[in-house]
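Okay, here's what each chain looks like letter by letter:
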Amino acid sequence: MTSLSQNISVFLDHFNQLKAGRPLTLVAVSKTQSADVVREAFHCGLPIFGENYVQEAIDKQALLQDLPIEWHFIGPLQSNKTKLVAEHFSWVHSIDRLKLAERLSAQRAMDLPPIQICIQVNVSEEASKSGVNPNEALALAQAISVLPQLQLRGLMAIPEPSEDETLLRSRFAQLKVLKNQIEKAGIPLDTLSMGMSADYAIAMEEGSNLIRVGSALFGSRSPKPHPQ
Ligand SMILES: *Cc1c(COP(=O)(O)O)cnc(C)c1O
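Bear in mind the structure is a predicted one, so any value in this text is a computation, not a measurement. (Residues numbered from 1 in each chain as written. Predicted model: local features only at pLDDT ≥ 70, side-chain atom pairs only at ≥ 80, totals over all residues. Heavy atoms only, no water.)

Visitor: Would you take a moment to explain the packing of aromatic side chains for this structure?
Guide: The relative placement of two aromatic rings is captured by the distance of their centres and the angle of their planes. Enumeration according to the criterion identifies 4 aromatic pairs in this entry. Where F49 meets W71, the ring centres are 6.0 Å apart and the plane angle is 40 degrees; that geometry is what we call tilted. With F49 in strand β2 (residues 48–51) and W71 in strand β3 (residues 70–73), this pair connects stretches of sequence that are 22 residues apart. A relative accessible area of 0% places F49 in the buried class. Among the residues examined, W71 registers a relative accessible area of 9% and is labelled buried. One aromatic cluster is present, formed by F11, F15 and Y200 through successive ring pairs. (Phe/Tyr/Trp six-rings, centres within 6.5 Å; stacked < 30°, edge-to-face > 60°. Helix = DSSP H or I, 4+ residues; strand = E, 2+ residues; numbered from the N terminus. Buried < 20%, exposed > 50% of the residue type's maximum accessible area, 1.4 Å probe, protein only.)

Here you go:
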């Protein structure tokens, strides 16, 4: 066994224990990892990968075309990149304005299934700049829900990094409350995309059903931000 496959198997054991039979999706976050690493992880039982940088992801996908991987885009999205994302991803977790959603819907080929969408919500107040303000999430959900080539699935959040478990819990709980409010307004949602390497266990306790995990599977990334 390589150290990667060992790491993944230890993680999956822990994950399966926590999940205790509930439906729960694991997105393996492979930003900065090579295509070879993704290939090996796929063969260790990880079929879903999340990427943050459009060009990096597309280069990797080209080398992995022989594998039935489901690709999720989870990074900040710029308008000039929506076409590539519409062509190359099944899911987008980071929608925080209508313009991005409209472009993705218009640019998604009609012979492909709709893109599965999560709205990214800023649950960290001033501490974060990404994500829609919680009190604007319902209006954005309503506007997205009528776009033809998108299927709105749920909400995503990245709380500010914190050692304070109570604070993290309250951030995750807030996202769940918001999901319930949007559903009460008549828009069905089935996904709460919350939890990363440092906090997935807490997120799962607070109702997450999709976690996005990178370093706990692949080891720590270089701290240098990856160039777009
Ligand atoms: C990098 C990233 C992750 C994974 O982070 P880890 O701490 O390595 O698990 C999850 N979600 C998003 C949006 C990310 O950018």
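Visitor: Looking at this structure, how should I read the side chain of Q61?
Guide: On the secondary structure map, Q61 appears in helix α3 (residues 54–63). Polar side-chain contacts of Q61 include one of 3.1 Å to the backbone oxygen of H88. Excluding anything up to four places from it in sequence, Q61 contacts W71, H88 and F89. (Polar contact = N/O pair within 3.5 Å; in protein donor to acceptor, adjacent residues only side chain to side chain. Contact = heavy atoms within 4.5 Å.)

Visitor: Explain the pairing of strand β1 (residues 25–29) to me, please; I cannot follow it from the model alone.
Guide: Consecutive side chains of a regular strand alternate in pointing toward one face of the sheet and then the other. Across the 5 residues that make up β1, a large majority, 4, are buried. Pairing of β1 with strand β8 (residues 210–213), which is carried by 4 bridges, proceeds in the parallel orientation. Opposite T25, over in β8, you have L210 as the bridge partner. Here β1 pairs with β2 via 2 bridges, running parallel. (Pairing = 2+ DSSP bridges.)

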